[in-house]
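# Descriptive structure summary
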Amino acid sequence: MSERELRKAEGALHHAYREVTLAHLRLDDLRRGVSTASTALTEAELHARGQNPESWIEAVAPEDLSRVGRLCDSAALVGVDIASHLKVASEAIEDARQVLGRIDRRDLEGPDVANLAALEARTAAVGEVVDLALPMATAASENLYSAAHGMGSGRALDSYAAGSEPVPAVTFGSLSLVNNNLGRAEADGRHLGKAVDRA
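Residues numbered from 1 in each chain as written. Predicted model: local features only at pLDDT ≥ 70, side-chain atom pairs only at ≥ 80, totals over all residues. Heavy atoms only, no water.

Turning our attention to the overall build of the protein. Along the backbone of the protein there are six helices and zero strands. Each helix and strand of the protein, placed in order from N terminus to C terminus, yields the pattern α-α-α-α-α-α. Looking at the 199 residues of the protein, the share that counts as buried comes to 40%. Sequence-distant contacts in the protein: of pairs separated by 6 or more residues, those separated by 24 or more amount to 86%. Working note: accessible area of the protein is about 10,500 Å², and carbon and sulfur atoms make up 52% of it. (Helix = DSSP H or I, 4+ residues; strand = E, 2+ residues; numbered from the N terminus. Buried < 20%, exposed > 50% of the residue type's maximum accessible area, 1.4 Å probe, protein only. Contact = heavy atoms within 4.5 Å. Areas by Shrake-Rupley, 256 points an atom, 1.4 Å probe, with all protein chains shown as cover.)

Further remarks concern the environment of Lys87. Within the secondary structure, Lys87 is located in helix α3 (residues 62–102). What makes Lys87 partly exposed here is its relative accessible area of 43%. Between the C-alpha atoms of Lys87 and Pro135, which are 48 residues apart in sequence, the distance is 9.9 Å.

Counted under the stated rule, the structure contains twelve salt bridges. Between Glu186 and Arg190 there is a salt bridge, with the nearest N and O atoms lying 2.6 Å from each other. One end of the pair is Glu186 and the other is Arg190, both in helix α6 (residues 172–196) and four residues apart, which spans about a single turn. Judged by relative accessible area, which is 41%, Glu186 ranks as partly exposed. (Salt bridge = Lys/Arg side-chain N within 4 Å of Asp/Glu carboxyl O.)

Turning next to the side chain of Asn181. Among the structural elements, Asn181 can be located in helix α6. Non-local contacts of Asn181, meaning those with residues more than four positions away in its chain, are made with Asn143, Ser146 and Ala147.

Relative to the elements of secondary structure, Glu5 occurs in helix α1 (residues 2–25). According to the relative accessible area criterion, Glu5 is buried, its value standing at 4%. Filtering out sequence-adjacent residues up to four positions away, Glu5 remains in contact with Val99, Arg102 and Ile103.

This paragraph deals with the nonpolar core. Counting 51 residues, the largest nonpolar core has Leu30, Ile82, Leu86, Leu144, Leu182 and Leu192 as its most contacted members. At the level of elements, α1, α2 (27–51), α3, α4 (111–150) and α6 are the ones that each hand at least two residues to this core. When sequence neighbours within four positions are dropped, the list of residues in contact with Leu144 reads Leu30, Val34, Cys72, Ala75, Ala76, Leu182 and Ala185. (Core = buried A, V, L, I, M, F, W, Y, C linked by side-chain atoms within 4.5 Å.)

Direction vectors running N to C along α1 and α4 enclose 30 degrees, while the axes themselves pass 10 Å from each other. When the interaxial angle is binned, α1 and α4 end up roughly parallel. For α1 against α4, the interelement crossing comes out left-handed. Every residue of α4 that contacts α1 at Glu3, Leu6, Arg7, Ala9, Glu10, Leu13, Ala16, Tyr17 and Val20 is listed here: Asp112, Asn115, Leu116, Leu119, Arg122, Thr123, Val126 and Val130. For the contact of α1 with α4, a count of residues per class yields ten nonpolar, two polar and five charged. (Axes fitted to C-alpha atoms, helices over the stretch in contact; angles between N-to-C directions. Parallel < 35°, antiparallel > 145°, perpendicular 65-115°, else oblique. Left-handed = near helix turned anticlockwise from the far one by under 90°. Nonpolar A, V, L, I, M, F, W, Y, C, P; charged D, E, K, R; others polar.)

Right under this line is the structure:
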């Protein structure tokens, strides 16, 4: 019975590793998405300043704002995908922990004792990584959605995205807020990468 439970825990841990790996594979997409959105925001501002240096904020083109919003929204979806993989990994880790907790150590002999100790250590290590990384992925998505909404885009503002409502008037404050959200998303992605690399 204990040997069968040990194999079951190993399977759950393998599942968690696989999901963490899938999350890791999307990190470059997240970084690229944040970088592209930030570049688009900078280009929109520079273009507006070139058109009207004194009142550049009024010269920011609506299509440029929409593009930034779409890019933020797209990057946020990558963050959601990463968080989804990490959530599945978290559930697999919890499954492994529960199975390990049910194992009767008195039924184990020789190599199985060492295997159990190693499995418990690996489960704890991967669990720690997932516990750190999941909130970071969620935060990155939230910051990117906030940036998209600030540009009049994003999935919570369907009317803007569909073009049935005008893009909200841009202000220096709203651009600064979007820029701050993108900066936070970039930091979230950087810390997320460091956390996942530990798995």
